[in-house]
Each structure stands twice: as C-alpha cells, then as structure tokens.
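What follows is the residue order along each chain.
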Amino acid sequence: MRIARIIEYFPPHVGGMERHGLALTQEQIKLGHEVDVFIGVGGLKPSSKPKSDFGEFLKSDFKNCFELGFKIYKMSLQFLPLYSKARRFWFNLWAYFAVKKNHKKNPYNIIHLHGDFVEAFFGGKLAKKLSIPAVLTIHAGLNKKLLKPKNAKYFKNISKIICVSQEIAGDLESIGVSENKLAVISSGIYLKDFENKNQEEIQKIKEQHSKPIIISVGNLRKSKGQIYLIEAFKNLKNNFNSVTLLLIGDGPDREYLENQAGKVPGIYFLGRQEHDKIIEYLYASDVFVLPSINAPNDREGTSTVIMEAMAAGLPIVTTKVGGNSALIKDGMNGFLIDEKNSEAIVEAIAKLLKDEKLCFDMKEKNLEDIKQKDWPIIAGFIAKVYETVL
C-alpha cells in the first residue's frame, strides 16, 4: 500500500503529533507499506535532498527510528512564521499540489492527514480529486468556537476520522458528524524504550534530590497548568518538608513560572531533556503530575507523557481534561482532579505519599494497562481503519 502522510509539524520539531507521525510511519514501513511524508516543519536540513538522513535529530529521542524507508517532502516559503494562519494555509495548499503531482507518477492508495478543520477541507478536496480515501487524525481538543453544525461540512470528503480521545469524538458528533465516520484510537509509546535503563544514572538522580520526588513533564505554557502545581507544591512543603518538584520542559511561560516559584526550596526547572534522560527522571521519581487546563485554542488530546509515566510505573495525578480520563481511572491507577485547583493537587499527592500500598497498587495497574499502548499495537488498530475505507 502507498500512503501519503500530510503532517505540518514533524520531528525534530518537538510535540506529541510530531512523535506520533514519525512512530506511525516507522510502524507502517515495518508492515510492508510505502509511505511518503509531506511536512511543513522539521525533517530536513535546508540543504538536504527529499530523502532525509535526519542528521539533526536528537539521537536518543528517535533511536530505532533511523532505518528510514520513506521519503520526506518539505514545503517551500519557510520564512512564514511558525503557527501562523498564513503558514498553515500555505502548507495545506502546497501539500495539495505536491501529493497530486506525486500521485500522477506513482499513485497512492490512501491519504492520511493530521490536523483538524483546515486539513480536512484541503485533504478532503484532494481525496475527491484523486478518487482515493482520506483518513484524518485529530490530535488535540477542537476549538470550541468552531464547533457549530455548519462546520460539519469540512469533513464530508473524509472517509474516516481517528480521534485520539473520546472527548474529540463527542465534539464532532455534537455538530453532526456521523458516529460511523469516527474511530477513537489514542497515540502510543514504545515500551521497548523503558527496558534495560541505566540504573546508575537513575540512582544518581535520586541522590541529587531529596525525596519524595514529584515530576511533571511538558511544554511550559498556560495550557499545561504548571502554575497550579507550583502553588500546590508551596503548600505541600508544609507537611512534606523534604519533597522535591522537577519540571522538565521549556516554553514561553518559563520565566513567569520561575518568578512564581520564587525562592521556594526544592523546585527545579530542568529545561528540555533528551528522551532517554526523561525516562531516567521518571524512574527516579515517586509521583507524576500533569495539571493541564482547557485553554481556548490549546486543549489536551491523549497525553504521551502520561503514558510514559505509566510505563515507568508511577502513580498519576492529572486533571479531567482531554483524553486524560481515558488513561487514568480515579483511585485505580491515579487520581483525576478538577482543573485549576491547587488544593486538589495537594490532597491527591498527599494521599499517595502517605500510602505506600496505594502507590504500589497503582504502579502494577499502570504497568498492565500500558501494554495496550505499545506502538505496534496502535499501528495495528490504524491498519484496521484503513481496511474499512479501501
């Protein structure tokens, strides 16, 4: 099968959709398919030919992903600002003609788009023009302002929509998209990344910080809600004086968050870390917290970092947003709390720190549940979706 993947942001650009796109492509190659990837950001150095050597990737982030059997095509006009409407429009227009041109030379069997309304519009028209099916994966919560019945028309030429959370599927149904057109399949992780980790390095991290260790991983921006975790940590110190908070990630709110943390002892901003190092930090920690909130244009999908924390055997504290509730069952493998609620974060963490058996039970539950999120299994689910539209 020949697959045309249209995904604006791709590694080494950092993000959940980017990692998803690369991992799925690699798994589809293993299954014997031929995949061409059309991107706007990432993948190639400016001087590279269409088939990239991925020389600028962080090797530990994407080890096992370098046996590339696919071509990457990158849009022109790279001067357009990242995340701008103009860039997004141009990328989708460029991809329309680039895929169409390649299709004439060597026809594709299916188009796989990654995005939402804009990608559905352009990709749907392309699929209709080429008379082949288009599948769309929606990775994050939809903009509430666009959830109107009149906008269901954007998806009319899409054969199947893969939603990474039930919340996204529910939003689409609410505007009139047929349930038969929807499939809920989360993203995945590579469980092999969690095998045979460097125990000496993990022990070093434990020795560098006083226990217990609370960890949070994510881009430092409003939608990730780190400000509420910092406020919670200040209160947590009253009863757990030796507790440590590790914040991994970078982003536009870093300076603001550092100022809010002030001189509170035990808070460490570790910046961006390579993937192997993040896993070591997870193994060295005691509790994982993701305090995401529903921001207007930036809503959680299915959190990769929650899945990785599960694979490391950590109990999870997270908010009832996006796909979090599909991963975490309150009181079973973690705690689900209301967003923007520092007091609830304190209460949940305190329960875990006071109850070793509860933490152990949640660890065992997470290690069992995460087995269904291994990328080869997720790729198999997506292959079945393809079968329904071909």
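### Looking at the packing of helix H6 (residues 226-236) against helix H7 (residues 254-261)
Right, so step 1: Look at H6 against H7: their axes get within 10 Å of each other, and the N-to-C directions meet at 15 degrees. Classified by the angle their axes make, H6 and H7 are roughly parallel. Crossing hand, H6 versus H7: right-handed. Packed against H6, whose contacting residues are Gln226, Ile227, Ile230, Glu231 and Lys234, the element H7 presents Tyr256, Leu257, Gln260 and Ala261 at the interface.
Right, so step 2: Here the contact of H6 with H7 is built from residues that sort into five nonpolar, two polar and two charged.

### Description of the nonpolar core
It is characteristic of soluble globular proteins that their nonpolar side chains tend to be buried jointly.
Right, so step 1: Grouped together as the largest cluster of nonpolar side chains are 36 residues, with contacts concentrated most on Ile6, Ile111, Phe155, Ile161 and Leu172.
Right, so step 2: Counting only elements with at least two residues in this core, the list comes to strand E1 (2-7), helix H2 (85-105), strand E4 (110-114), helix H3 (117-130), strand E5 (134-138), strand E6 (160-163) and helix H4 (166-174).
Right, so step 3: Ranked by residues supplied to this core, first place goes to H2 with six residues.
Right, so step 4: Residues in contact with isoleucine 111, not counting those within four places in the same chain, are Ala4, Ile6, Leu126, Ala127, Leu130, Ile132, Pro133, Ala134 and Val135.

### Thoughts on the sheet that holds strand E7 (residues 182-184)
Within a sheet, adjacent strands bond to each other through the backbone by hydrogen bonds, running parallel or antiparallel.
Right, so step 1: Taken together, the seven strands give an open sheet; going across it, the order is E3-E2-E1-E4-E5-E6-E7, and neighbouring strands pair in parallel fashion. Of all strands in the sheet, those with a lone pairing partner are strand E3 (71-74) and E7, marking the two edges. If you compare each strand with its neighbour and ignore which way they point, the axes differ by 20 degrees on average.
Right, so step 2: With five bridges connecting them, E1 and E4 associate as parallel partners. Paired with isoleucine 6 across the bridge in E4 is leucine 113.
Right, so step 3: This element, H4, spans E5, E6 and E7 of the sheet and lies at about 165 degrees to E7.
Right, so step 4: Contacting E1, E4, E5, E6 and E7, helix H13 (residues 375-389) crosses the sheet at an angle of about 165 degrees to E6.

### A look at the pattern of salt bridges
Right, so step 1: A complete count under the given rule lists 19 salt bridges for this structure.
Right, so step 2: Two residues, arginine 88 and glutamate 119, come together in a salt bridge whose shortest N-O distance is 2.6 Å. Taken as a pair, arginine 88 in helix H2 and glutamate 119 in helix H3 lie far apart in primary sequence, 31 residues in all.
Right, so step 3: Overall, arginine 88 belongs to the partly exposed group, its relative accessible area being 26%.
Right, so step 4: Here glutamate 119 falls in the buried class, since its relative accessible area comes to 3%.
Right, so step 5: Note that aspartate 171 is salt-bridged to lysine 144, the shortest N-O span being 3.4 Å. Of this pair, aspartate 171 sits in helix H4 while lysine 144 is found in the loop between E5 and E6, placing the two residues 27 residues apart along the sequence.
Right, so step 6: If you follow the salt bridges from partner to partner, you end up with Glu201, Lys204, Lys277 and Glu280 in one network.

### A short note on the layout of surface pockets
Right, so step 1: Roughly 420 Å³ of volume is contained in the second largest pocket.
Right, so step 2: Along the wall of the second largest pocket there are 20 residues; nearest its centre are Ser285, Asp286, Gly313, Leu314 and Lys363.
Right, so step 3: Within the residue set of the lining of the second largest pocket, elements represented by two or more residues are helix H8 (275-284), helix H11 (342-353) and helix H12 (356-369).

Analysis parameters
- Residues numbered from 1 in each chain as written.
- Predicted model: local features only at pLDDT ≥ 70, side-chain atom pairs only at ≥ 80, totals over all residues.
- Heavy atoms only, no water.
- Axes fitted to C-alpha atoms, helices over the stretch in contact; angles between N-to-C directions.
- Helix = DSSP H or I, 4+ residues; strand = E, 2+ residues; numbered from the N terminus.
- Parallel < 35°, antiparallel > 145°, perpendicular 65-115°, else oblique.
- Left-handed = near helix turned anticlockwise from the far one by under 90°.
- Contact = heavy atoms within 4.5 Å.
- Nonpolar A, V, L, I, M, F, W, Y, C, P; charged D, E, K, R; others polar.
- Core = buried A, V, L, I, M, F, W, Y, C linked by side-chain atoms within 4.5 Å.
- Buried < 20%, exposed > 50% of the residue type's maximum accessible area, 1.4 Å probe, protein only.
- Pairing = 2+ DSSP bridges.
- Salt bridge = Lys/Arg side-chain N within 4 Å of Asp/Glu carboxyl O.
- 1 Å grid on protein atoms, 1.4 Å probe; cavity = no way out; pocket = protein on both sides within 12 Å on 5 of 7 lines; lining within 4 Å.
- Points joined across faces, edges and corners; volume = space filled by probe spheres on them.

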